[in-house]
Each structure stands twice: as structure tokens, then as C-alpha cells.
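In case you want the letters, here they are:
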Amino acid sequence: MVEAVLIDLFSLPANLQNNIQGLLYNILETIEKCSSIPAPFVYVMYCQKPGSERNGGQESLLPALRDFQSLKERLEVVCALTTAAALYTIKQRLDDKDLSIIKVILPTLRKDLMKVYIDHLFTAVYQFEFEYLQVASDCKNLQIAEPPSEKQTLPTEDTALIQSEIQIYLESLPSLKGELTILRSSLIPDDIFLHGFTTRTGGISHIPTLSSCNLFSSSKRRDPQVVVKENLRRVAKAAGFNPETFHRVKIDHANAVCVMGKTEPDSYDGIVTNQKGVTIAAPGADCIPVLFADPVRKACGAAHSGWKGTLLGISMATVNAMVSEYGCNVKDILVVLGPSVGPCCYKLPHESAKEFHRIDPKCVRLFDSARPYIDIRRATRILLESGGILPENIQDDSVTDRNKNITFCTACHPDKFYSHFRDGTNFGTQIGFISIKD
């Protein structure tokens, strides 16, 4: 069942501009007659002329809207200077109401353009269906046209213009949830390495569980790649790295490691480099983003260590890659464990807890329960120390006496961090990143 209707009146032909009220009236009348109970939410997308008041479009359309009492609280006119601005505003309204099934009514000439905008601003979470307008020049008759038989492709230059319009608009949006904040470790020397762990503030992601500096997009979440890219641009600007030379692990919850400059695996949870100016990163939203730095050989690494990756030894696999590829001495490697779910909150089924108990009984609390509490940080430290990393070269604020400024529990701090454990499937993601300075 359609949950929302989007009426695109943004770029009507010139001969219809003066008759837009009649056109809109006919469309709304059709929607009202055909709608089930409750009626869908209706959004009218309308071009705001430069210099006009923000509500000018709404005022000019009021005569056409007054008669539709059944849609009264479910009808909104969105005026904007660009299609990107109008459509992103409507996306926020849809997300606020958790709506995903949308019918788009638009002139046939707009269909290819609109599909490009939708492909960039929405993910596979949303379902779109299209109806095309055929309107008589006097605007007295409205007909829904048959979908075009052949799929058309926009010229490359038109697609590039749309991408540029979207990017410019997203860059203009204010930061949400406060200023962008990056946590840094005193263990990693800042004269050699640029590094940090992001928090959830200072980005533009609008959805509550993703707000605001979400740094991961997938087909199961509502944040599109373009929003994540803008969030990353803001992080890069604040931190001082180039987002065009940024490489993030391709998560598989295993122990494969990518060596920058060599053939990239299809998936991997660790990444290492000795190339200057290349920023590598690992995500985390309960799983541990782990950063590695060797100030002697000037090499670095990043790893994503969830409970599966921890048991499979992803952290030591990353260390071993630095040793074998760059000649690092394991005693020179510094390791920082980033924000992650703590033993105060994290539970696993008893069968999985047994594996952590074998590493060290202290990694498990309430072992005899159906879902014991697990300390994946302690397990990571034990495995690193067993592999030769010096205890004093591991920063884990939950056990060291340093000022607690890195290894927070993500689940315990909803104002600072995303948490899959806490927020469910539509969760946001922060990252740990590191690079070697030029």
C-alpha cells in the first residue's frame, strides 16, 4: 500500500505555469478518490523563485488545497530553489514518519531526471512507483500516462550536473547534534601520524539512529552514499586528510588483511600501509576500531574487530602483516582500541561465550547464564600481548590509568556514539582512521 505520494510540479512547461492550481486540484482529487483509509501523505514539490518568500509557493497553491479536508493534515507543499533541496527535504519528512513506499506523479519529461536524483538520495529501503502526467494545455483534463516502453538514459553531462547540484546542496546544510568531534590518542605520536576516532556529532545525517555523522551506507539503511560522503568530507576537513585517498576496510567479520598497493581482497577486516598521505580506516558501532602505528618503520594499520574477528585474531593478523610487509618489530608497534561496546553491556549466547572463556575466564561475566557478558577488549589485549605487543604499547582506557578519552562504551553513551547493540538494525557507524604524514 502506498504510504506517500510525491507530486513533482517543479519544472512544468511554461504554458502550464499559470494553470498550476487547476492541475494540482485535479491531481489531488484523483488521489482522494482512489485512496484507501487512511489517505497517504502527500508532498507537492514546487519551484521557489529566487528572491521570493519561503512560503510563497504554499500561498500561491492554497486555493487548490483548501477543498481537500481528508488530506488536510497529510498534505505539504515543499518549495525550494533546486530539485535536490526539495527532494532531500521530502526525504527527511518521509524518514521522520518512517515511510518507505512512495508513488511519484510527474511530467513524463522529468522521469529520467527524477530517477537519477532518487538513485543518489535514497537507498534500497525505499520503494518507488511512477505515474506520468499528460495534461491538456488548458489544464482542464488530467490523464495518467502509460509508462514509457523504453528506458531512457540521461547524457553523462546531465548526470554530472545533478551530482554537482546534490553535492553543493548537502555541503550547505548545517551540522546536526553539535560540533564535529574527533578523539585522539596520546600514545600515537602526532609528528609522524595523523589519526583519530570519530563520534556521532557534526554531520548531516537526519534519521535519529543515524544522526548526525554516520559514516557507513548500505542497502538496509536509510542514509545514502552521498550523505555519508559529505559526512566524510567534513571529517577529513576537520582532521586534515584527503578524502580522495581514503580507504576503509570491507567488513567480513573475519581475519583477512589488505596490504595497500597489492591486489585488494573482496573483503577484509584489516588494512596496512607505509604510503604517506593515504588514510586507512576501520568502522565500529560496538565492534572495536583498532589502530596500529610503528613510528620506527613509519607504517600503520587499522582493523575492525567484532566478536568473531576477535576470536579469529584480526588484530594480530594486522600486526603480522606490518611485520612481514614492512619489516616492523612487534615491540615497536603501538595499538589503540577505539570506542566499542564494553563488558558492562555486551552479551553473547553461551556457546559463543565459551570461546572467550577459553582465552581467559575474566573475559566472561556470569558465565553460567544463557547470555553471559563478554569483554572483547580484554580478549583483544590478551591476544595482542601473546603475540608480542608490549602491554604499555596498548591503549585501552577501560583498564589503563590514562585519562579516559578513547575507549568509551558505545552502548553507554548515546550522545557520543552509535551502537548496533543499543539502536537496532538501522544503526549509524563511526570510524577510527590513521595515516602517515607527508
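Everything in this summary refers to the structure shown in the same document. (Residues numbered from 1 in each chain as written. Predicted model: local features only at pLDDT ≥ 70, side-chain atom pairs only at ≥ 80, totals over all residues. Heavy atoms only, no water.)

### Overview of the pairing of strand E14 (residues 299-305)
Inference 1: Most of E14 is tucked away, with seven of its seven residues classed as buried.
Inference 2: Of the two faces of E14, the one holding Ala-299, Gly-301, Ala-303 and Ser-305 and the one holding Cys-300, Ala-302 and His-304 are both buried throughout.
Inference 3: Pairing of strand E13 (residues 288-294) with E14, which is carried by seven bridges, proceeds in the antiparallel orientation. Opposite Pro-289, over in E14, you have His-304 as the bridge partner.
Inference 4: In this antiparallel pair of consecutive strands, E13 and E14, the connection spans four residues, and Lys-298 shows a positive phi of 55°. (Buried < 20%, exposed > 50% of the residue type's maximum accessible area, 1.4 Å probe, protein only. Helix = DSSP H or I, 4+ residues; strand = E, 2+ residues; numbered from the N terminus. Pairing = 2+ DSSP bridges.)

### Section: the packing of helix H8 (residues 314-326) against helix H10 (residues 376-386)
Inference 1: Two numbers describe how H8 lies on H10: the axes approach to 9 Å, and their chain directions differ by 35°. As H8 runs across H10, the sense of the crossing is right-handed. Listed contacts from H10 to Ser-315, Met-316 and Val-319 of H8 are Thr-380, Leu-383 and Leu-384.
Inference 2: A breakdown of the residues in the contact of H8 with H10 according to their chemical character gives four nonpolar, two polar and no charged. (Axes fitted to C-alpha atoms, helices over the stretch in contact; angles between N-to-C directions. Left-handed = near helix turned anticlockwise from the far one by under 90°. Contact = heavy atoms within 4.5 Å. Nonpolar A, V, L, I, M, F, W, Y, C, P; charged D, E, K, R; others polar.)

### Remarks on the environment of Gly-306
Inference 1: Following the sequence through the fold, Gly-306 ends up in the loop between E14 and helix H7 (307-312).
Inference 2: With 52 residues separating them in the primary sequence, Gly-306 and Ala-254 have C-alpha atoms 8.8 Å apart.

### Comments concerning the sheet that holds strand E19 (residues 430-436)
In a beta sheet, neighbouring strands pair by backbone hydrogen bonds and run either parallel or antiparallel.
Inference 1: Spatially, the five strands line up as an open sheet ordered E7-E8-E19-E12-E9, and their pairing is mixed. A single partner strand is all that each edge strand has here, and the edge strands are strand E7 (182-183) and strand E9 (246-248).
Inference 2: Of the strand pairs in this sheet, E9 and strand E12 (residues 279-284) are connected by three bridges, and their pairing is parallel. Residue Arg-248 lies in a different strand from E12, and its bridge partner there is Ala-281.

### Re the environment of Gly-261
Inference 1: By the secondary structure assignment, Gly-261 is in the loop between strand E10 (257-259) and strand E11 (270-273).
Inference 2: Taking the relative accessible area as the measure of exposure, Gly-261 reaches 70% and is therefore exposed.
Inference 3: Distance in space between the C-alpha atoms of Gly-261 and Val-272 is 9.7 Å, their sequence separation being 11 residues.

### Examining helix H3 (residues 83-96)
Inference 1: Relative to the 20 Å expected for 14 residues at 1.5 Å per residue, H3 spans 20 Å between its end C-alpha atoms, a close match to the ideal helical length.
Inference 2: With 12 of 14 residues buried, H3 lies mostly within the body of the structure.
Inference 3: Here H3 has its buried residues at Thr-83, Ala-84, Ala-85, Ala-86, Leu-87, Tyr-88, Thr-89, Ile-90, Lys-91, Gln-92, Leu-94 and Asp-95.
Inference 4: A positive backbone phi angle near 60° is found at Asp-98, which sits one or two residues after H3. (Expected span 1.5 Å × (residues − 1).)

### Let's talk about the nonpolar core
Nonpolar side chains in soluble globular proteins generally cluster together in the buried interior.
Inference 1: Ranked by size, the top nonpolar core spans 36 residues in total, and within it Leu-6, Met-45, Leu-87, Leu-94, Ile-166 and Leu-170 carry the most contacts.
Inference 2: Mapping this core onto the domain boundaries places at least three of its residues in each of domain 1 (4-135 + 153-172) and domain 2 (182-436).
Inference 3: Those residues in contact with Met-45 that lie beyond four places of it in its chain are Leu-6, Ile-7, Asp-8, Leu-9, Phe-10, Val-78, Thr-83, Ala-86, Leu-87, Ile-90, Arg-110 and Met-114.
Inference 4: By size, the runner-up hydrophobic cluster in this structure holds 34 residues, among which are Met-316, Cys-345, Leu-348 and Leu-384. (Core = buried A, V, L, I, M, F, W, Y, C linked by side-chain atoms within 4.5 Å. Domains from an automatic or database assignment.)

### Concerning the pattern of salt bridges
Inference 1: If you walk through the whole model with that rule in mind, you get 19 salt bridges.
Inference 2: With a shortest N-O distance of 3.0 Å, Lys-354 and Glu-351 are connected by a salt bridge. One end of the pair is Lys-354 and the other is Glu-351, both in helix H9 (residues 350-359) and three residues apart, which spans about a single turn.
Inference 3: In this structure, a network of salt bridges that share partners links the residues Lys-91, Asp-95, Asp-98 and Arg-222. (Salt bridge = Lys/Arg side-chain N within 4 Å of Asp/Glu carboxyl O.)

### Thoughts on the side chain of Thr-318
Inference 1: With respect to the helices, strands and loops of the structure, Thr-318 is situated in helix H8.
Inference 2: Thr-318 sits in the buried class, given a relative accessible area of 0%.
Inference 3: Here the side chain of Thr-318 touches Ile-314 through a polar contact of 2.9 Å, landing on its backbone oxygen.
Inference 4: With sequence-adjacent residues up to four places away left out, Thr-318 is seen in contact with Val-257, Gly-270, Ile-271, Val-272, Phe-292, Gly-301, Ala-302 and Ala-303. (Polar contact = N/O pair within 3.5 Å; in protein donor to acceptor, adjacent residues only side chain to side chain.)

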